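Reading the structure
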Amino acid sequence: MANPLYDALFGQHTGQSTPFLHLPDGTTLTHADFLERAAQLANALIKCGLATGDRVALQIEKSVDALALYAACVQRGLVFLPLNPAYTAAEVSYFVSNSGARLLICDPVNADALRPVASDAGARIETLDTAARGSFATLAKELPTTSETVPREGDDLAAFLYTSGTTGRSKGAMMTQTNLLSNARTLTDLWQFTERDVLLHALPIFHTHGLFVATNVMLLAGGAMVFMPKLDVDALITAMPRATALMGVPTFYTRLLDHADFTSELTRHMRLFISGSAPLLAETHKAFEARTGHRILERYGMTETNMNTSNPYDGPRRAGTVGFALPDVELKVTNPDTGKTLPQGEIGVIEVRGPNVFKGYWQMPEKTAAELRPDGWFITGDLGLIDDLGYVQIVGRGKDLIISGGYNIYPKELEVILDDQPGVLESAVIGVPHGDLGEAPVAVLARAKGQDPDPEAILKTLGTQLARFKCPRKVIVVDELPRNTMGKVQKNVLRADHADLFKA
Ligand code: MCA
Ligand code: AMP
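Residues numbered from 1 in each chain as written. Chains lettered and ligands numbered in written order. Predicted model: local features only at pLDDT ≥ 70, side-chain atom pairs only at ≥ 80, totals over all residues. Heavy atoms only, no water.

1. Observations concerning the site of ligand 1
Condition: Neighbouring residues are identified by heavy atoms, a residue being near a molecule or strand if any of them is within 4 Å of it. Polar contact is defined as a pair of N or O atoms within 3.5 Å, subject to the rule that within protein one atom must be able to donate a hydrogen and the other to accept it, and that residues adjacent in sequence are counted only when both atoms are side-chain atoms. Where helices and strands are cited, they refer to DSSP runs of H or I of at least four residues and of E of at least two residues respectively, numbered from the N terminus. The classification used treats Ala, Val, Leu, Ile, Met, Phe, Trp, Tyr, Cys and Pro as nonpolar, Asp, Glu, Lys and Arg as charged, and all other residues, Gly among them, as polar.
Near ligand 1 lie 24 residues; those nearest to it are Ser 277, Arg 299, Ser 404, Arg 468 and Arg 473. In this structure, Ser 277 approaches ligand 1 through a side-chain N or O atom, which is 2.6 Å from an oxygen atom. Within the backbone of Gly 301, an N or O atom sits 3.4 Å from an oxygen atom of ligand 1. Listed by contribution, the elements that provide at least two residues to the shell around ligand 1 are helix H8 (208-221), helix H10 (250-257) and strand E13 (297-302). Top element by residues in the shell around ligand 1 is E13. It accounts for 3 residues. Here the residues of the shell around ligand 1 are counted per class, giving 9 nonpolar, 10 polar and 5 charged.

2. A look at H8
Condition: Across the chain, bend at a residue is computed as the angle between axes fitted to the seven residues ending at that point and the seven starting from it. The cut-offs for exposure are 20% and 50% of the maximum accessible area for each residue type, with area from a 1.4 Å probe on protein chains only; residues under the lower value are buried, those over the upper are exposed, and the others partly exposed.
The sharpest bend along H8 reaches about 25° and sits at Thr 215. Judged by how many residues are buried, H8 sits mostly within the fold: 14 of 14 residues are covered. Just past H8, the residue Gly 222 takes up positive phi, approximately 85°.

3. A few points about helix H3 (residues 64-76)
Rules: To estimate how far a helix should reach, multiply one less than its number of residues by 1.5 Å.
When the terminal C-alpha atoms of H3 are compared, their 18 Å separation across 13 residues agrees well with the 18 Å that a helix rising 1.5 Å per residue should span. Positive phi appears at Gly 77, one or two residues downstream of H3, with a value of about 70°.

4. Considering the site of ligand 2
In the neighbourhood of ligand 2, 16 residues make up the surrounding shell, with Arg 299, Thr 303, Asp 382, Lys 399 and Asn 408 lying closest. Residue Lys 399 places a side-chain N or O atom 2.6 Å away from an oxygen atom belonging to ligand 2. Looking at the shell around ligand 2, the elements that each hand over two or more residues are E13 and strand E20 (392-397). Per-element accounting of the shell around ligand 2 gives the leading share, 5 residues, to E13. Taken together, the residues of the shell around ligand 2 break down into 7 nonpolar, 4 polar and 5 charged.

5. What about the packing of helix H14 (residues 411-418) against helix H15 (residues 455-465)?
How we decide: Axis angles are defined between N-to-C directions and span 0 to 180 degrees, where every axis is a line fitted to C-alpha atoms and, for a helix, only to the segment in contact. Here is the rule for angles: anything less than 35 degrees is roughly parallel, anything more than 145 is roughly antiparallel, 65 through 115 is roughly perpendicular, and the remaining ranges are oblique. Handedness of a helix crossing follows the sense of rotation of the near helix relative to the far helix, less than a right angle counterclockwise being left-handed and clockwise being right-handed. Note on contacts: a residue pair qualifies if any of its non-hydrogen atoms lie within 4.5 Å across the two residues.
Their axes nearest at 11 Å, the elements H14 and H15 cross at an angle of 125°. As summarised for this structure, H14 and H15 are arranged oblique, according to the angle between their axes. Relative to H15, H14 is oriented so that their crossing is right-handed. Contact residues: Leu 414, Ile 417 and Leu 418 in H14; Ile 458, Leu 462 and Gln 465 in H15.

6. Focus on the pairing of strand E12 (residues 272-275)
Across a regular strand the side chains alternate sides, sitting on one face of the sheet and then on the other. As a reminder of what qualifies: One requirement defines pairing of two strands: DSSP has to find at least two bridges between them.
With burial as the criterion, each face of E12 is covered, one bearing Leu 272 and Ile 274 and the other bearing Phe 273 and Ser 275. Summarising the sheet, E12 and E13 pair through 2 bridges and their orientation is parallel. Among the inter-strand pairings, Ile 274 is bridged to a residue of E13, identified as Leu 297.

7. Observations concerning the sheet that holds strand E24 (residues 438-447)
Spatially, the 3 strands line up as an open sheet ordered E23-E24-E25, and their pairing is mixed. Two strands in the sheet have a free side with no partner beyond their single neighbour: strand E23 (424-434) and strand E25 (474-478). Across the sheet, the axes of successive neighbouring strands diverge by a mean angle of 25°, strand direction being ignored. For E23 and E24, the ladder comprises 10 bridges, and the chain directions are antiparallel. Residue pairing for E24: Glu 426 is matched across the bridge by Ala 446. Along the sheet, H14 makes contact with E23 and E24, crossing E23 at roughly 150°.

Shown next, in the form of structure tokens:
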């Protein structure tokens, strides 16, 4: 029996000495090198006592081994659960215990902080750093460089990615083999990726964009990636002459445009620039075309669904739109109250259905039922319309979500902590337009009677509990929050009041 995801992404390259990863030290790892390392790590996972279906949580910096562990998990039928290295021990604790992970692999520098986390959750802990050092690396060292490929079916789980909610805790989105493979196939065809492509890969690999879109597409196509630890615009510009394509969040494109060395000449040979994860401003799209002659291809997706829509490869790529539903994805815009499909041109909630749509939230049947209809339609919570040319436009969010530099920040997660701080009666966290990050979180605090909250001390407390990218870029103290007649805090009023906060 086969393992469809492993066979298509990895197995097809067994023994191939074709280039896969161009690394910052100037070396190139072939597909065969990569798969041998992945198999060695797979054998180490088995040595840790893991069995098919077990979850493996990974919180390490972007590296070859981090990616090889993804391949290792797919090969052995383990569920891969990558975590942002920016998460605090408190955040990791939730993910490990909620997922029931049997193993947590972390950077050696975080081992002391995370040991109690693993122990409380009944998970084993191993360490691994970007230079392949640590207890897990030691365990893998002498193991064989081939490993058994465990048979899997399309509906079997391949990965969990946690996504926050407007209320309550994060939810583990269960991604099946079919979810990942169908989307990779569709995108590879649509965007015409082949073994001749070289992708500039500067995205993190713990989210859908960098892992399932960028990496899966390149693996399926058989191309190579210039594998960079993070976004460094100078490095991106230096590497561009050897590449054919780039995938990034809008901040990648605004930062490139801010760089004097980013010229039309530099991009002439490039085949494709793709943007997603957050809205690309029409002005960025236009400025990019004016500078380079390339029209950025914008697409739209979600953790729960992978990619849903894309601007066309051959047809017009329209600024301010996310294009058409993918060939194997159905999309409709519905009335949020009745669920009825709205006529073309009317704004409603975007719903999608297809093989890309996840299996549900791990052990949260009510939350799954609230967003995933019995007939397979997933309610995205994004507000949009289908315009007169059939392009999907996202006009807002029904969900209270801030997207900062492509990272999601759920205001509720901050507000529950802020409400408990000394001198704070209540709080509201809003997203404010930000030139570099698209949106940045700002906390508005209503003071308790006769008290003066200390923003600096409050930010410090937040930083011990939440990843730093979630921390407000500004804290504003007010006497009271604006409310409507129903008594609900009017975040739209706050957003309008503070819209110019980050304007120069
Ligand atoms: C870093 N920091 C941030 C962000 N990133 N603050 C707010 N928003 C951010 N996105 C903070 C750090 O905590 C640190 O704070 C300081 O900025 C510098 O950190 P550094 O790592 O140097 O930041 P950077 O290089 O400026 O990073 C910005 C970035 C990066 C390049 C935009 O965040 C990034 O690569 N974002 C991509 C995220 C992504 O892949 N999203 C896809 C999700 P301090 O100095 O206080 O310590 S998947 C998805 O959304 C769906 C499925 C889809 O459609 O793709
Ligand atoms: P996440 O669940 O973290 O993957 O974030 C998914 C959300 O990012 C979507 O629900 C949208 O709100 C947003 N998003 C992704 N791509 C785009 C895009 N091209 N334009 C606007 N919003 C986007």
